[in-house]
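Chains, contacts and geometry: an overview
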Amino acid sequence: MDSQKKFDAVSQLELQPGDAVLLKRGMQFTGMLAPKGRGAEGAPIRIDAYGRGRLPVIHARGRHIAGLFLKNPSFWEVQGLEITNTNGTDDDQGELFGIYVLADGDEGVYEHVYINACYVHDVNGAVAGKRRGGIHVHMKKLKASRFDDLRITNNRVENIGGVGIGNDSSCARVKLRDDGEELQNLWTRVYVAGNRVDTTGRNNIIARVSIDAVYEYNVLANSSRHDTGHSIFCFNTAGIKIQYNEAYGNVGTGENRDGQGEQDRGGFDADYNCVNTYIQYNYSHDNLWFCGIMKRPNRNVFIRYNISENDQQGIYFYGFEREKSAENVHIYNNTHFVRKGLEVEVFAEGRTPLNTTFENNIFYFEDGGSWGRNAAGINTVFRNNLYYNIEPHPSETQAVFGDPEFLRPGSTGTDIDLKSMTALSGYRLSPESPCIDAATRIEANGGRDLLGNPVEGGMADIGAIENPPHKITNR
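Figured I'd write up the structure that's included with this text. Given the structure is predicted, the values throughout are model-derived calculations rather than measurements. (Residues numbered from 1 in each chain as written. Predicted model: local features only at pLDDT ≥ 70, side-chain atom pairs only at ≥ 80, totals over all residues. Heavy atoms only, no water.)

Turning our eyes to something else, we now look at the side chain of Glu246. Residue position: Glu246 is located in strand E26 (residues 246-248). Here Glu246 sits buried without a salt bridge, and the closest side chain of opposite charge, Arg196, lies 6.7 Å off (N-O distance). A distance of 2.7 Å separates a polar atom in the side chain of Glu246 from a polar atom in the side chain of His285. A polar contact is formed between the side chain of Glu246 and the backbone nitrogen of Ile416, at a distance of 3.0 Å. If we ignore the near neighbours within four places in the chain, the residues touching Glu246 are Asn218, Val219, Leu220, Tyr283, His285, Gly413, Thr414, Asp415, Ile416 and Leu418. (Helix = DSSP H or I, 4+ residues; strand = E, 2+ residues; numbered from the N terminus. Buried < 20%, exposed > 50% of the residue type's maximum accessible area, 1.4 Å probe, protein only. Lys, Arg positive; Asp, Glu negative; His and termini not counted. Salt bridge = Lys/Arg side-chain N within 4 Å of Asp/Glu carboxyl O. Polar contact = N/O pair within 3.5 Å; in protein donor to acceptor, adjacent residues only side chain to side chain. Contact = heavy atoms within 4.5 Å.)

Written out as structure tokens, the structure is:
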């Protein structure tokens with residue numbers, strides 16, 4: 001039996017715990033790999049590559065829903081595959097994925113699904129759409145099910161019609177009530193890390209339906225080529241941490257599909273139906289703006305220790321302008337740097353900030369900066385922020401003025417080492433900086449800065465990096 005026939009035969013098998021499907025490096029296959037079965041704890045089913053040379057390649061050619069399709073899986077581990085799924089045109093070819101994991105039909109907890117070190121590229125045509133794309137994990141037609149221990153790590157996802165990495169569920173949601181939150185069927189132990197997602201029709205990553213998920217060390221580049229969308233956003237999540245990511249190149253021209261002009265083109269976004277969102281220790285540059293905050297029901301958003309460098313039109317974007325449901329947004333110890341030649345409003349597109357406190361941030365403009373036409377906001381308070389070439393916000397009660405005396409501002413570059421973040425050390429402060437030991441005290445401040453230095457509550461600095469630096473260790 002030749003290699004293609006063996007490949008086709010795998011999809012007819014019911015695999016058992018401990019079984020492995022091994023594809024030889026250097027080989028190319030056509031069609032869809034769709035094996036069945038469930039592994040067991042300590043005996044997962046594996047799909048992997050063997051031998052030497054290039055990754056084995058699966059070409060689904062736009063004729064199959066995915067190059068790799070796993071239905072109702074538990075205890076599966078996939079790594080070392082290259083997958084494409086396009087007919088080669090820019091046409092919308094339908095609901096296509098590179099790797100698609102689907103729970104549909106059987107209620108329960110789906111456990112231990114790992115996708116690691118795969119190269120997924122050239123999926124579909126020049127299209128948008130939020131529920132198709134590169135690597136996706138979905139639940140459909142289920143009423144009381146969830147995933148536990150989902151890991152999507154160290155993958156390259158490039159040139160994707162739709163969203164690079166995403167998940168969704170028919171039965172998981174967060175409901176915010178006056179007396180608390182109702183969390184329904186949220187996925188547990190979700191970890192998405194070390195991926196490079198570049199050039200997508202819509203968002204690079206959408207993080208949905210999870211509790212205490214961690215999305216870190218991801219490179220998010222050139223998203224939303226065929227519609228608008230923030231590079232990464234969360235939805236229906238509780239306690240998510242979006243941290244140590246680099247987002248860049250989210251720019252575009254013209255109208256979005258709703259005909260409303262440029263919207264949703266920042267690196268990061270705290271979307272609605274979420275509680276306890278942490279956007280921290282990230283690097284945003286050369287997007288239209290750094291971070292979105294949605295004003296539909298959205299409770300306890302913490303944006304801290306991030307650096308925004310040369311985001312082109314704004315810094316913060318408050319979505320759903322007429323809504324007033326976002327609660328307790330706390331933005332502190334971020335460093336914003338804008339080079340000469342950019343005309344940047346702090347609040348992009350003249351949006352109105354809501355129920356937000358800004359503390360210990362640096363707003364540095366090489367030329368003059370502006371706030372935006374609705375910058376006064378609603379229940380918006382600025383306290384103890386540093387301003388350089390921009391007037392203090394109208395609500396500011398303890399303005400700090402002057403040059404923060406960065407060591408090498410604006411010199412960070414692209415595709416930095418996200419484990420150390422040392423490329424951002426140009427935003428360290430000189431010993432003469434007015435930011436030294438000038439921060440107002442913030443309880444539960446996270447305990448460390450962007451570079452991993454401890455932050456002492458009583459003697460902290462303004463901005464994202466403490467000075468003098470302590471020993472920097474990889475996290």
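From this point, the discussion proceeds with the structure in view.
So, about empty space enclosed by the protein. All told, the structure shown has 2 cavities of 30 Å³ or more when counted by the stated rule. The computed volume of the largest cavity comes to approximately 50 Å³. Lining the largest cavity, in full, are Tyr305, Tyr332, Asn333, Asn360, Ala439, Thr440, Arg441, Ile442, Asn445, Val455 and Ala460. Residues that form the lining of the largest cavity fall into these classes: 6 nonpolar, 4 polar and 1 charged. Here the second largest cavity is characterised by a volume of approximately 30 Å³. Around the second largest cavity, the lining residues are Leu150, Ile152, Ile165, Gly166, Asn167, Val190, Val192, Ile206 and Tyr215. Of all the secondary structure elements, the ones that give two or more residues to the lining of the second largest cavity are strand E14 (146-153), strand E16 (163-168) and strand E19 (188-193). (1 Å grid on protein atoms, 1.4 Å probe; cavity = no way out; pocket = protein on both sides within 12 Å on 5 of 7 lines; lining within 4 Å. Points joined across faces, edges and corners; volume = space filled by probe spheres on them. Nonpolar A, V, L, I, M, F, W, Y, C, P; charged D, E, K, R; others polar.)

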